[in-house]
Number of protein chains: 2
Amino acid sequence: MERAVNFNAGPAAIPLEVLKEAQGELLDWKATGMSVMEVSHRSKEYEALHNEAQERFRRLAGMGSEWKVLFLTGGASSQFFMLPMNYLAEGRKASYLVTGSWSKAALKEARRFGACAEISSENPGGGFTRILKTSELDIPSDSTYVHLTSNNTIFGTQWKTWPDTRGVPLVCDMSSDIFSRPFPAGDFSLIYAGAQKNLGPSGLTLVALREDFLARAKTKDQLPTMLSYRVHEEHNSLYNTPPCFSIYMLDLTLRWLEKNGGLKVMGRLNEEKATLVYKAIDSSSGFYRNPVERESRSSMNIVFRLPSPEAEEGFVKEAKAAGIIGVKGHRSVGGIRFSIYNASSLDNVKTAVSFMEDFKKRRG
Amino acid sequence: MERAVNFNAGPAAIPLEVLKEAQGELLDWKATGMSVMEVSHRSKEYEALHNEAQERFRRLAGMGSEWKVLFLTGGASSQFFMLPMNYLAEGRKASYLVTGSWSKAALKEARRFGACAEISSENPGGGFTRILKTSELDIPSDSTYVHLTSNNTIFGTQWKTWPDTRGVPLVCDMSSDIFSRPFPAGDFSLIYAGAQKNLGPSGLTLVALREDFLARAKTKDQLPTMLSYRVHEEHNSLYNTPPCFSIYMLDLTLRWLEKNGGLKVMGRLNEEKATLVYKAIDSSSGFYRNPVERESRSSMNIVFRLPSPEAEEGFVKEAKAAGIIGVKGHRSVGGIRFSIYNASSLDNVKTAVSFMEDFKKRRG
């Protein structure tokens, strides 16, 4: 079997080593005589896995015990409402740094729960091609929190430095670049991410939040039980049955990350991969065009255009024939997109860059 | 490897055939060169699987195209609030038939959203040992819906006939006995179930609802986007990334169900299995005692007591040593519980019954 060069935006590539490990023990996990999918979430075997995954997450992120790691579901999209539902109330407001479709969606949900200030980098004609500049970040100091999206999957932009919030708790949707590079955990109060890009299969949403920020959340009687951060923290994400298999896959993925050097090594590798692709774009004499301001370029999702829609269509088709999958841009913007998350190897990226050069020769 | 006799209450046993199939294609699904976990939820391969699972679900349930099948997350516990959130409003009320801990929890969440009538079979001293009688079912005719829990995992009781609601839409939490027996779909307006007992691993919540009932749900602007039944129906449960692997496992499990004769055959087999265990209890001269009224006995979760807590502890320990797993009663009630869902074979049940007889001989 030939493995695909998988550039899917999410669900995305999973390290082959992780998949093989899961495959090997799928019928009998830890000599239980059961699949990990068949084991009770109240068993000591499962609880050990659950706690190990949380511990590994904290260790990789450089988070101390003041951080609580929750295993939830519903995707980042559910955090769009769950966050403001837990924090906004009469007299409280939030600020949203809007740099793409997902932060826009997060803001829309938040407005149902309270006043929100919007600071946006949207272009006058629509669309986003850059991250906000430091000079634009006038975050109201009375904000309960300020929300940003670290990487914009659709527009191919990424925050490279973190804003100085002057004491306002920073909340970050890291769905599409979590654990792709080091980040200063101490600067954040809550981060969340759907697992399906860098942390395993879909079906699991990570929420990590600091005790002091949790203390500001609404109490559990003010919310439906399953929507209260406090409830999930008090029950160690075992209030009800968690998505056990996804958590198992998360743990295997985190173990793979640790074995391969953690976030620093991963960050350097991801830079190297991205640089190769951007170089192929920039040296193509305009055949490939990346619309993003240089200092906002994402190292996870690289978007580019070709001279015509026909050329783009041909590119997607021929890439697929060459075993390079998932390169079509998001349906809302078109074009080409390479999503090169942690599990996309340097070799895969080199294969794709060769394909780009070859395609240009034939069509340029 | 010796497979466990798995009587876990959920996550629970999965058919070996299903696990083997998943294992066989875990690295390369449908010749994509990718695991099913790595495939985009927008790909034609995944969409075909998604739609096939819905179609299979409807076919097995005897549901026509007027039924919409949603793939959600958050467990049945999330439906406890999502249902009333979508249906209750000023001037609308719901009725709850309370026959155990889960229906009680569902009622508690519903009360946050509107007036609720409670009809309960709780014993005067607490606890539940029976289902409601027909004579007790005086359901207020102005109810927007009436909610019941078809099988009570903790107390080992099960609805054997369905209530005549006199036109009030019937909503049912079928988490612990879905597809374990035929049921008259036409009598229901909405059913829901966590997948992790009879339909695969945890991480997926099924909601099936009829068009005419959906039409009475709040509009999408009245709710957070991810909490609107209408949104999920309009987007065919692809508004955001669904739990693809769990849906894949659901499809394999449904295929296994169809291959093995569907709900009628499954219902007969589950009756046969349950009868064996109840016979062992009833013929034990009081060594084993099932506290449930005979006509309310569950064929999925069989609860029983032994003469002393020490005997029960010994039973759990020795069962485990004999490879029979998950027989400890729910922590809220104690005792012993056999959860014998679809994937627990007749042979497994026979093994457990032999163990019961042997244990009684040694300890009785």
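Each chain carries its own residue numbering, running from 1 in the written order of its sequence. Labels follow written order: the first chain is A, the first ligand is 1, and so on. At least 70 in pLDDT is required for a residue's local features to be given in this predicted model, at least 80 for side-chain atom pairs to be given and counted, and no such filter applies to totals for whole chains, interfaces and linings, which use all residues. Only hydrogens and water are removed before side-chain values are computed, so all heavy atoms of the structure are retained for them.

A few points about the relation of the copies chain B and chain A
In step 1: Rotating chain B by 180° about the axis while translating it 0.0 Å along that axis superimposes it on chain A, leaving an RMSD of 0.0 Å. Such values leave the two copies arranged in the relation of a two-fold axis.
In step 2: Contacts are residue-level and defined by heavy atoms, with any inter-residue pair within 4.5 Å sufficient. The residues that chain B uses at the interface reappear at the interface of chain A in 100% of cases, marking a shared surface. In this comparison the copies share one frame, found by least squares on the C-alpha atoms of residues holding pLDDT of at least 70 in both.

Examining the pairing of strand S4 (residues 115–120) of chain B
All names here are of chain B.
In step 1: Paired strands, as defined in this entry, are two strands with at least two bridges between them according to DSSP. Here a strand is any run of E in DSSP of at least two residues, a helix any run of H or I of at least four, and the numbering for each starts at the N terminus. As paired strands, strand S3 (residues 93–98) and S4 are joined by six bridges and run parallel to one another. What sits directly across from Ala-94, in S4, is Cys-116.
In step 2: Handedness of a crossover: with both strands directed away from the viewer, a clockwise path from the first strand across the helix to the second marks it as right-handed. In this region the chain leaves S3, passes through helix H4 (residues 101–110) and returns to the parallel neighbour S4; the handedness of that crossover is right-handed.

Things to note about the domain arrangement of chain A
All names here are of chain A.
In step 1: Note that the domain bounds reflect an automated or database-derived domain assignment. Taken domain by domain, chain A holds domain 1 (16–259) and domain 2 (262–363).
In step 2: Summarising the inter-unit geometry, the C-alpha centres of domain 1 and domain 2 are found 27 Å apart.
In step 3: With 27 residues of domain 1 at the contact, the number on the domain 2 side is 26 residues.
In step 4: Values labelled buried area give the accessible surface lost by two parts on being combined, using a 1.4 Å probe and summing over both. Interface area, domain 1 with domain 2, both sides summed: about 2100 Å², of which 56% is carbon and sulfur.
In step 5: Any carboxyl oxygen of Asp or Glu within 4 Å of a side-chain nitrogen of Lys or Arg constitutes a salt bridge here. As a salt-bridge pair, Lys-160 and Glu-271 come within 4.0 Å of each other at their nearest N and O atoms.
In step 6: Taken together, the elements giving at least two residues each to the side of domain 1 that touches domain 2 come down to helix H2 (44–61), strand S7 (157–158) and helix H7 (244–259).

A closer look at the packing of aromatic side chains
Residues and elements named next belong to chain B.
In step 1: Each aromatic pair joins two rings of Phe, Tyr and Trp (for Trp, the six-membered one) with centres within 6.5 Å, and gets the label stacked for planes under 30 degrees apart, edge-to-face for over 60, and tilted for any other angle. In this structure the tally under the stated criterion is 45 aromatic pairs over all chains.
In step 2: Considering the side-chain rings of Tyr-87 and Phe-213, the 4.1 Å spacing of their centres and the 15° angle between planes classify their relative orientation as stacked. Within this pair, whereas Tyr-87 is found in helix H3 (residues 75–87), its partner Phe-213 is found in helix H5 (residues 211–214), the two being separated by 126 residues in sequence.
In step 3: The buried label applies to any residue whose accessible area, calculated with a 1.4 Å probe on protein chains only, is under 20% of its type's maximum; exposed applies above 50%, and partly exposed to all values in between. What makes Tyr-87 buried here is its relative accessible area of 0%.

A closer look at the environment of Thr-157 of chain A
All names here are of chain A.
In step 1: Tracing the backbone through its elements, the reader meets Thr-157 in strand S7.
In step 2: A C-alpha to C-alpha distance of 8.4 Å links Thr-157 and Glu-293, two positions 136 residues apart in sequence.
In step 3: Ignoring anything within four residues of it in the chain, the contact list for Thr-157 reads Thr-99, Thr-129, Arg-130, Ile-131, Ser-150, Asn-151, Asn-152, Val-292, Ser-296 and Ser-298.

Here we look at the sheet that holds strand S9 (residues 190–194) of chain B
Sheet strands pair via backbone hydrogen bonds, and the direction of the pair is either parallel or antiparallel.
All names here are of chain B.
In step 1: Pairing in this open sheet of seven strands is mixed, and the strands run S2-S10-S9-S8-S5-S3-S4 from one edge to the other. In this open sheet, the two edge strands, each paired with only one partner strand, are strand S2 (67–72) and S4. When the angles between neighbouring strand axes are averaged without regard to direction, this sheet yields 15°.
In step 2: Where S3 and strand S5 (residues 143–149) come together, three bridges link them in parallel fashion. Simply put, an axis is a line fit to the C-alpha atoms, just over the touching stretch for a helix, and the angle between two N-to-C directions goes from 0 to 180 degrees.

Examining the nonpolar core
In step 1: We call a set of buried Ala, Val, Leu, Ile, Met, Phe, Trp, Tyr and Cys residues a nonpolar core when their side-chain atoms join them within 4.5 Å. Among the nonpolar cores identified, the biggest contains 124 residues, and Phe-57, Phe-179 and Phe-183 of chain A together with Phe-57, Phe-179 and Phe-183 of chain B are the most heavily contacted of them.
In step 2: With residues up to four places along the chain from it excluded, the contact list for Phe-57 of chain A reads Met-63, Val-69, Ile-178, Phe-179, Ile-191, Leu-199, Leu-206, Ala-208 and Leu-254 of chain A.
In step 3: Grouped together as the second largest cluster of nonpolar side chains are 66 residues, Ala-76 of chain A together with Ala-76, Phe-128 and Leu-223 of chain B included.

Topic: the state of the cysteines
In step 1: When the sulfur atoms of two cysteines come within 2.5 Å, that pair is taken as a disulfide. Scanning the entire structure with this criterion turns up zero disulfides over all chains.
In step 2: We note that Cys-244 of chain A lacks a disulfide partner, and the nearest cysteine sulfur, in Cys-244 of chain B, lies 18 Å from it.
In step 3: Take Cys-244 of chain B: its relative accessible area is 2%, and that puts it in the buried class.

A look at the interface of chain B and chain A
In step 1: Across the contact, 62 residues belong to chain B and 63 residues belong to chain A.
In step 2: Between chain B and chain A the total buried area reaches about 4600 Å² when both faces are included, carbon and sulfur atoms providing 58% of it.
In step 3: Sorting the residues of chain B by area buried against chain A places Leu-27, Met-37 and Glu-38 of chain B first, and these three jointly supply 15% of that buried surface.
In step 4: The interface formed by chain B and chain A includes two salt bridges.
In step 5: Notably, a salt bridge pairs Arg-3 of chain B with Glu-38 of chain A, separated by 2.9 Å at the nearest N-O pair.
In step 6: Throughout this description, a polar contact denotes any pair of N or O atoms lying within 3.5 Å of each other; where both atoms belong to protein, one of them has to be capable of donating a hydrogen while the other can accept it, and for residues adjacent in sequence the pair is counted only when both atoms sit in side chains. If you look at where chain B meets chain A, you find 32 residue pairs in polar contact (both at pLDDT 80 or more).
In step 7: Of all elements in the fold, only helix H1 (16–24), H3 and helix H7 (244–259) of chain B reach the threshold of two or more residues within the side of chain B that touches chain A.
In step 8: The element contributing the most residues to the side of chain B that touches chain A is H1 of chain B, with six residues.
In step 9: Under this grouping Gly is polar, as are all residues other than the nonpolar Ala, Val, Leu, Ile, Met, Phe, Trp, Tyr, Cys and Pro and the charged Asp, Glu, Lys and Arg. Looking at the side of chain B that touches chain A, its residues break down into 28 nonpolar, 21 polar and 13 charged.

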